[in-house]
Amino acid sequence: MLIQTLHSEKELLVLASQADQGAFTALFHMYKNKLYAYVLWLTESEMLAEDIVQDVFMKLWNDHESLSSIDNFGSYLFRMSKNQVINHFKRMAHETLILAELFHQNPVGHNETQEMVALKEAEKILGDILEKLPPQQKAVYYLSREEGRTHDEIANLLKISPNTVKNHIVQAMSTIRTQLRKHADTMLMVAAIIAVKK
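Residues numbered from 1 in each chain as written. Predicted model: local features only at pLDDT ≥ 70, side-chain atom pairs only at ≥ 80, totals over all residues. Heavy atoms only, no water.

### Concerning the environment of Asn 163
Heads up, the rule is: Helix numbering and strand numbering both begin at the N terminus, where a helix is a DSSP run of H or I of at least 4 residues and a strand a DSSP run of E of at least 2. In this description, contact between two residues means that some pair of their heavy atoms is separated by no more than 4.5 Å.
The topology assignment puts Asn 163 in helix α8 (residues 162-180). Each C-alpha atom of the pair Asn 163 and Glu 44 lies 6.7 Å from the other, and the pair is 119 residues apart in sequence. If near-sequence neighbours (up to four positions away) are discounted, Asn 163 is found in contact with Trp 41, Leu 42, Thr 43 and Glu 44.

### Some details on the pattern of salt bridges
Selection rule: The salt bridge definition used is simple: a Lys or Arg side-chain nitrogen within 4 Å of an Asp or Glu carboxyl oxygen.
Evaluation of the coordinates by the stated rule reveals 1 salt bridge. The salt bridge involving Lys 138 is made with Glu 131; its shortest N-O contact spans 3.5 Å.

### Quick notes on the confidence of the model for the protein chain
Counted only if it meets this: Every residue is assigned a pLDDT by the predictor, reflecting its confidence on a scale from 0 to 100.
The predicted model of the protein chain averages 77 in pLDDT, with 70% of residues at 70 or higher. Taken element by element, the predicted model of the protein chain shows its lowest mean pLDDT in helix α9 (residues 184-196) (54) and its highest in helix α7 (residues 151-158) (89). Across residues 106-111, where pLDDT falls below 50, the model places 10 contacts with residues more than four positions away in sequence or in other chains.

### Concerning the packing of helix α6 (residues 135-145) against α8
Our working definition: Lines fitted to the C-alpha atoms define the axes, with helices restricted to the stretch that makes contact. Angles between their N-to-C directions range from 0 to 180 degrees. Roughly parallel means an angle under 35 degrees; roughly antiparallel, over 145; roughly perpendicular, 65 to 115; everything else is oblique.
Where α6 meets α8, the closest approach of the two axes is 9 Å, and the angle between their N-to-C directions is 95 degrees. Classed by the angle they form, the pair α6 and α8 counts as roughly perpendicular. The residues of α8 that touch α6, namely those facing Gln 136, Gln 137, Val 140, Tyr 141 and Ser 144, are Val 165, His 168, Ile 169, Gln 171, Ala 172, Met 173, Thr 175 and Ile 176.

### Quick word on α8
Stated precisely, the cut-off is as follows: For a helix, the expected span equals 1.5 Å multiplied by the number of residues minus one. Buried, partly exposed and exposed residues are distinguished by accessible area as a fraction of the type maximum, computed with a 1.4 Å probe on protein chains only: under 20%, between the cut-offs, and over 50%, respectively.
Spanning 19 residues, α8 covers 27 Å between terminal C-alpha atoms, matching the ideal 27 Å at 1.5 Å per step. For α8, the set of buried residues is Thr 164, Val 165, Asn 167, His 168, Ile 169, Val 170, Ala 172, Met 173, Ile 176 and Leu 180.

### A word on the environment of Met 80
Tracing the sequence through the fold places Met 80 in helix α4 (residues 73-104). By relative accessible area, Met 80 is classed as buried at 17%. Residues Met 80 and Lys 59, 21 residues apart in the sequence, show an inter-C-alpha distance of 9.9 Å. In this structure, Met 80 is in contact with Val 56, Lys 59 and Leu 60, ignoring residues within four places of it in sequence.

Given below as structure tokens:
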């Protein structure tokens, strides 16, 4: 039975590599639940787990020609998903640093009224967004961004797991980015000011 299953999976991979959508869909249904459970365990976020599983299969379909060369599709999927999770957290950390610089670094040598007004408006916008975050999410964000504490330190302080800390930061940053898009003009002005100073 195992050999037959592996053989069937290999056949599906070959068909999918030839842009057979039915075969690819069959592979998706074979692994989506296990993959979702794994990514959920890594991220502790249902929304993030769903997004990453979708991204993984989207990438596989976009590069479907290479599917026939995969020997162990299960292992390949889980490894790919883990890398997606790692890259996601790295990207979020990078964006957090950019935002921290954007809103907390004082301008040097630029005192023009328009720029100062834009910066103060940006700080007010961010402050309003942060105030509306759920209490624990807001606490994690401030401990991370304002006090510079590590995920482990925050986890110990708040009696939660480091993964939960990561999840709170991811969700906070997602909310911040979504809300900032509503104030695109001000954000572009501030970004331009910061860019001039580099």
